[in-house]
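A closer look at the structure
As a plain string of letters, each chain reads:
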Amino acid sequence: QAKVVCIGYECDLALLEVEHERFWEGMDQHISFCTDLPGFGDSVTVLGFGKGGDNLCTTRGVVSRMDVQPYPWVKGMGRN
């Protein structure tokens, strides 16, 4: 099971938190997440579902621009 941490309605995205560590058992690759925003020139890997697609896509690149904007659809400090 997982619980919803945050929902991005406009971008059709939800951040989930897995309740049990056993969910990750048998995964053959380690996925790590950073807690800070990447900086200019940092290498990044992005996972997601492309528009109109049903399969997970992986894209790698370098941060060349960053715009931070408020997201009005998030309720109560990122938790809804």
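An account of the accompanying structure is given in this report. Residue positions are given per chain, counting from 1 as you read along its sequence in written order. With pLDDT at 70 or above as the cut-off, local features in this predicted model cover only qualifying residues; side-chain atom pairs require 80 or more to be listed or tallied, and sums for whole chains, interfaces and linings still use all residues. Based on all heavy atoms of the structure, the side-chain values leave hydrogens and waters out of the count.

This part takes up the overall build of the protein. In this text, helices come from DSSP runs of H or I with a minimum length of four residues, and strands from runs of E with a minimum of two, each type numbered from the N-terminal end. For the protein, the count of helices and strands is 0 helices and 4 strands. Tracing the protein from N to C terminus, the helices and strands come up as β-β-β-β. With a 1.4 Å probe rolled over the protein chains alone, any residue whose accessible area is under 20% of its type maximum counts as buried; one over 50% counts as exposed, and the rest are partly exposed. Taken across its 80 residues, the protein has 5% of its residues classed as buried. Contacts are assigned to residue pairs with any non-hydrogen atoms lying within 4.5 Å of each other. Contacts in the protein between residues at least 24 apart in sequence constitute 32% of all its contacts with a sequence separation of at least 6. Here the open area of atoms and residues is found with the Shrake-Rupley method and a 1.4 Å probe, where only the protein chains shown may cover a residue. Counting every atom, the protein has about 7,800 Å² of accessible surface; 54% of that belongs to carbon and sulfur.

Bringing the pattern of salt bridges into the picture now. Here a salt bridge means any side-chain nitrogen of Lys or Arg lying within 4 Å of a carboxyl oxygen belonging to Asp or Glu. The final tally for this structure, using the stated rule, is 1 salt bridge. Here Arg65 makes a salt bridge to Asp67, at a shortest N to O gap of 3.8 Å. Both residues of the pair, Arg65 and Asp67, count as exposed.

Moving on, we come to a nonpolar patch on the surface. Together, Phe23, Trp24, Met27, Ile31, Phe33, Leu47, Phe49 and Leu56 give the surface a local cluster of nonpolar side chains, amounting to about 900 Å² of exposed area. Within the secondary structure, Leu56 sits in strand β4 (residues 56-62). Since its relative accessible area comes to 53%, Leu56 is described here as exposed. Here the term patch refers to residues with relative accessible area over 30% and no salt bridge, with like charges joined within 9 Å and nonpolar side chains (Val, Leu, Ile, Met, Phe, Trp, Tyr) within 5 Å.

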